[in-house]
Amino acid sequence: MTTIVRADTMLTPAGEVSPAELEIDDAGRISYAGTPRSGSIVTHDLTGHALMPGLVNGHTHGAMTLQRGISDDEGFMPWLAAVQEVEQGLTRDDIVVGLEVAMLEMIETGTTTFADMYHWDAGLLELVRDAGMRVLAAPAMSTADSVAFPGVSPLTGAEVLDETEALAARFAGDAQIKLAYGPHAPYTCPPELLQDIAARSKRSGIPIHIHVSESRAEVAQMTEQYGRTPAAHLDSLGFFEARVLAAHCVHLTDDEIEVFARTGTGASHNPVSNLKLGCGVARLPEMLDAGIALTIGTDSVASNNSLDLFEELKLATILHRGMRHDASVVSAAQVLDLATRQGAATVGFPETGSLEFGKLADVIALDLGRTSATPRGSLASHLTFSATGADVRHVFIGGQHVYADGEHLTLDAPAIRERAHAASARLRPQT
Ligand SMILES: [Zn+2]
């Protein structure tokens, strides 16, 4: 059965379409995106709403919602130590509820796909599928012989790589679930391990999700230890011959930007996290000019403290204008594209990310009745500069209605919030 959604306006690759009609076929694909046709039998009359593609979070650690507000005023390395201390006490149930809270927040604020690095197993991936979301899941590891999540999994880092391949085989062909290798960062993974992962990736076709050049401390450490900056070090190992999604990329040199562009390496821009931890400002205008495959991410709520990508949209647009004293360096439309069409392709879901014929129908509807939309500029202007995640009222993923007029249809929100409070009280009794 086809679904027909009507709204006041809609963001498409060809620009704003007003009024708007979207038809979704029974395979969850968009079979029409344009102005209303006579004779359509409307399934969802969303008068007073704007439609846009679901947002893509290009880098997060969803289950870390339980660590929201931890170490809020410390720099990167002390913050990381505080995070890892809490992780020593995590149970698998904590990770389940942390992930569920993350999915609630992402859906409520219009995110439909996320690229995640944390503990992942088949059961957690099933949770994402049942919630209706899409994920590029990278089971995290740092060294070959360390146990990344001691209370959760007995697997060593090397075994996590085998498990990543087993999960990728198990979920092969799944339109919602994709796997990536998840080495934490070049400064936590020895060179031989990074080379092994790159070789595995080239063999298996499974991409790699890794943090790169996040802090100046990382750059200094790598330069002292290996005589190269982080991305140059990875390049010297042949790492970028694999398909890589690199998070942060705050301190890339000109040469490293050129390496990313030449090798098709993806970069996730996470401006709130980078600012909150005092890490710096990534060179987004240069990365855009170089044609790097980009995406926008929140990072975890432990360094954000929100999964609302609308905050990142606004900041990613205005931050670089301020840094360059030039309002022309990044446009609202460019950043919207990074958070939707280009972001979806960068994290491995190219069949989503735009409202056009043939794409999977990942669609969100925002309330235009808000005072902040009264009056409004162009739709791109409104979505980038005025809208917030709280404006999102409906979410469809692959045509499935997962959030209807502010109510979750796939997740039991009150029960999840209650369990999250209980888990937090145990893990962080002092806060
Ligand atoms: Zn991260």
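Residues numbered from 1 in each chain as written. Predicted model: local features only at pLDDT ≥ 70, side-chain atom pairs only at ≥ 80, totals over all residues. Heavy atoms only, no water.

Any chance you could explain the domain arrangement of the chain here in plain terms?
Where interface size is quoted, it is often the accessible area lost as the parts come together. Taken domain by domain, the chain holds domain 1 (3-53 + 354-398) and domain 2 (55-346). Here the C-alpha centre of domain 2 lies 29 Å away from the C-alpha centre of domain 1. On the domain 2 side, the residues contacting the 21 residues of domain 1 number 21 residues. The contact between domain 1 and domain 2 buries some 1,700 Å² in all, and 70% of this surface belongs to carbon and sulfur atoms. Of all residues in domain 1, Thr-384, Phe-385 and Ile-397 bury the most surface against domain 2, accounting for 36% of the area lost on that side. There are one salt bridge connecting domain 1 and domain 2. Asp-362 is the partner of Arg-134 in a salt bridge, and the nearest nitrogen-oxygen pair spans 2.7 Å. For the side of domain 1 that touches domain 2, the elements supplying multiple residues, two or more each, are strand S5 (44-53), strand S15 (363-367), helix H14 (379-386) and strand S16 (392-397). Considered class by class, the residues forming the side of domain 1 that touches domain 2 number 14 nonpolar, five polar and two charged. (Domains from an automatic or database assignment. Contact = heavy atoms within 4.5 Å. Buried area = accessible area lost by both parts, 1.4 Å probe. Salt bridge = Lys/Arg side-chain N within 4 Å of Asp/Glu carboxyl O. Helix = DSSP H or I, 4+ residues; strand = E, 2+ residues; numbered from the N terminus. Nonpolar A, V, L, I, M, F, W, Y, C, P; charged D, E, K, R; others polar.)

What should I look at first to understand the pairing of strand S6 (residues 55-60) in this one?
Sheet faces and side chains relate simply in a regular strand, where the side chains alternate between the two faces. Burial runs high along S6: six of the six residues are buried. The pairing of S6 with strand S7 (residues 111-118) spans four bridges and is classified as parallel. Bridged to Val-56 within S7 is Thr-113. (Buried < 20%, exposed > 50% of the residue type's maximum accessible area, 1.4 Å probe, protein only. Pairing = 2+ DSSP bridges.)

I'm lost on the sheet that holds strand S11 (residues 208-212) in this one. Help?
One open sheet accounts for four strands, arranged S11-S12-S13-S14; its pairing is parallel. Sheet topology places S11 and strand S14 (293-296) at the edges, where each strand pairs with a single neighbour. Taking each pair of neighbouring strands and ignoring which way they run, the sheet shows an average axis angle of 25 degrees. Relative to strand S12 (residues 244-248), S11 is paired through five bridges, and the arrangement is parallel. Bridge pairing links Ile-208 to Val-244 in S12. (Axes fitted to C-alpha atoms, helices over the stretch in contact; angles between N-to-C directions.)

What's the story with the packing of aromatic side chains in this structure? I'm lost.
Two aromatic rings, taken as a pair, are described by how far apart their centres are and by the angle between their planes. Tallied over the entire structure, the rule returns four aromatic pairs. Ring plane angle 80 degrees and centroid distance 6.0 Å describe the contact between Phe-239 and Phe-240, whose orientation is recorded as edge-to-face. Assigned by exposure class, Phe-239 and Phe-240 land together as buried. Grouped by ring-pair contacts, the aromatic residues Phe-239, Phe-240 and Phe-260 constitute a single cluster. The cationic tip of Arg-37 hangs over the ring face of Tyr-32; the distance from NZ or CZ to the ring centre is 3.8 Å. (Phe/Tyr/Trp six-rings, centres within 6.5 Å; stacked < 30°, edge-to-face > 60°. Lys NZ or Arg CZ within 6 Å of the ring centre and 35° of its normal.)

Could you clarify how one ought to interpret the coordination of the zinc ion in this entry?
Expected angles at a metal are 109.5 degrees for tetrahedral coordination by four donors and either 90 or 180 degrees for octahedral coordination by six donors. Protein coordination at the zinc ion: the donors are His-59 (NE2), His-61 (NE2), His-211 (NE2) and Asp-299 (OD), at 2.0 to 2.5 Å from the metal. In the primary sequence, the donor residues of the zinc ion line up as H-x1-H-x149-H-x87-D. Of this pair, His-59 sits in strand S6 while His-211 is found in strand S11, placing the two residues 152 residues apart along the sequence. Assigned by exposure class, His-59 and His-211 land together as buried. (Donors = N, O, S within 2.8 Å, 3.2 Å for Na, K, Ca; no water.)

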